[in-house]
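# Analysis of the macromolecular model
Each chain, letter by letter, is given below.
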Amino acid sequence: MRRVVITGLGCVTPLGHDIDTFFGALLDGKCAIKKIENINAEQLPVKVAAEIMDFKPEDFGIDKAMIRHNDRYALYAIAAATQAMHDSGLEVEKHVDPSRFGCAIGSGIGGIQTFCREHASMLANGPRRVSPLFIPEMIANIASGNVATVFHAEGPNLPVVTACATGTHSVGEAYRMIKEGRADAMITGGAEAAICEIAIAGFANSKALSTSEDPMAASLPFDLRRKGFVMGEGSGVMILEDYEIAKKRGAKIYAEVCGYGNTCDAFHYTAPRADAKCATNAIRWALEEAGWKKGEKVYINAHGTGTPLNDKTETLAIKQSMGEEEARKAVISSTKSMLGHMLGATGAIEMVICAKTLQTGKVAPTIHLDEPDPECDLDYTPHTARDFKADLTISNSFGFGGQNACVALRRI
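Quick look at the structure, then. (Residues numbered from 1 in each chain as written. Predicted model: local features only at pLDDT ≥ 70, side-chain atom pairs only at ≥ 80, totals over all residues. Heavy atoms only, no water.)

## Notes on the environment of Ala246
The condition that has to hold: Numbering goes from the N terminus for both helices and strands, where a helix is a DSSP run of H or I of at least four residues and a strand is a run of E of at least two. Every residue pair with non-hydrogen atoms within 4.5 Å of one another is taken to be in contact.
Inspection of the secondary structure assignment puts Ala246 in helix H9 (residues 243-248). With 28 residues separating them along the chain, Ala246 and Ala274 place their C-alpha atoms 43 Å apart. When residues no more than four places from it in sequence are discounted, the contact partners of Ala246 are Val5, Thr7, Glu241, Ala251 and Ile253.

Below is the structure:
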């Protein structure tokens with residue numbers, strides 16, 4: 001079993017299209033949630049979201065043909081992967097054999113914007129007017145396939161689709177690929193661009209979204225006033241490598257990936273188990289594989305959606321997996337308070353945040369946590385960032401279908 005490290009990071013987010021801008025905005029407690037601008041929300045029950053503005057794919061070297069032939073979610077992935085590859089300094093052929101270089105970039109929903117556009121075209125103009133590229137642009141694996149094409153990653157390609165746990169599962173499965181010797185390096189993460197009328201209507205009608213029209217009182221993780229999550233969009237991508245290969249080529253190393261837990265509640269299509277049994281197991285298994293010991297300094301990037309059931313269930317899972325005493329020592333935050341919920345991309349961008357937390361010793365806050373829920377009684381880093389030199393970080397993600405994922409990183 002080989003050691004696996006992170007050597008490159010990339011992102012496209014509502015708080016910035018590069019790592020330094022993005023992480024700096026998080027530490028400053030900036031909120032990306034605003035009134036919806038990119039679509040007409042007049043008839044929608046939800047008026048706010050964390051949208052990406054001023055994204056220009058050509059700024060990332062994406063050519064005009066690829067821009068025309070990709071859904072927005074895939075363009076986010078390509079842009080984030082381009083940054084991550086540049087950051088890592090990894091060169092195919094020189095540092096890694098293409099057949100040993102893989103890609104695992106997932107999406108919870110895929111090209112829903114393409115779906116909506118082509119459906120409207122068919123209704124207005126008939127089936128002959130549906131684009132021949134409709135299916136390739138829409139499918140949830142195309143971001144991973146196109147990123148692999150751009151960077152000649154001819155090894156394992158595994159786009160994960162596990163709803164809101166997608167990004168975390170993608171990183172976990174990429175870690176396994178390298179650890180078990182099936183690949184030497186992987187491009188991994190998640191991407192989503194689902195802020196459109198039908199997606200908002202669907203989530204809103206299932207009572208999952210916050211209906212607050214005040215952007216500063218909409219995404220409220222662990223707060224007594226929370227009533228649902230806020231949709232976000234974007235992509236987070238990282239480069240994972242075999243430690244010995246990375247060390248030999250003199251790569252910059254952010255952190256070591258050292259633990260992964262993957263379970264299913266097997267309970268309900270949207271609601272978590274009240275006893276948090278399976279979420280607990282996912283966290284516990286990741287910590288055990290990471291060699292966590294009591295007394296180590298742990299930062300947890302919580303799933304922390306701001307939904308009534310998730311936040312108290314996650315709090316219980318943290319306590320059950322670590323023990324009450326150690327759970328109260330952990331420093332936790334929900335960056336969804338600033339970014340909204342990026343769905344299939346959220347776990348990936350939160351893994352990026354964990355890597356930066358280990359590198360910088362700084363923890364991003366949970367903003368707007370003004371009225372803590374008594375059932376959510378851990379240290380959630382309210383309002384402002386803090387200095388904290390963690391030994392270990394974990395990122396939790398839980399998705400519809402009972403999907404639970406946790407990945408652990410260690411300072412190296």
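## Notes on the packing of aromatic side chains
Heads up, the rule is: Stacked, tilted and edge-to-face pairs are distinguished by plane angle, under 30 degrees for stacked and over 60 for edge-to-face with tilted covering the rest, among Phe, Tyr and Trp rings (Trp via its six-membered ring) whose centres lie within 6.5 Å. Throughout this description, buried means an accessible area under 20% of the type-specific maximum (1.4 Å probe, protein chains only), exposed means over 50%, and partly exposed covers the range between.
Throughout the structure, instances matching the rule amount to 6 aromatic pairs. Geometrically, the ring pair formed by Phe115 and Phe134 is tilted, given 5.8 Å between the ring centres and 55° between the ring planes. Note that Phe115 is positioned in helix H4 (residues 112-125) and Phe134 in helix H5 (residues 134-138), a separation of 19 residues in sequence. With a relative accessible area of 41%, Phe115 lands in the partly exposed category.

## A short note on the sheet that holds strand S1 (residues 4-12)
Put simply, the test is: Only strands that DSSP links by at least two bridges are regarded as paired with each other. Axes here refer to lines fitted to C-alpha atoms; in helices the fit is confined to the stretch in contact. Angles between the N-to-C directions go from 0 to 180 degrees.
Taken in spatial order, the 9 strands make up an open sheet running S4-S5-S6-S1-S7-S13-S12-S8-S9, and their pairing is mixed. Both outer strands of the open sheet, strand S4 (101-106) and strand S9 (331-333), are each paired with one neighbouring strand and no more. Averaged over all pairs of adjacent strands, the angle between their axes in this sheet comes to 25°, without regard to strand direction. The sheet contact formed by strand S8 (residues 298-301) and S9 spans 3 bridges and is parallel. By the bridge assignment for S9, Asn301 is matched with Ser333.

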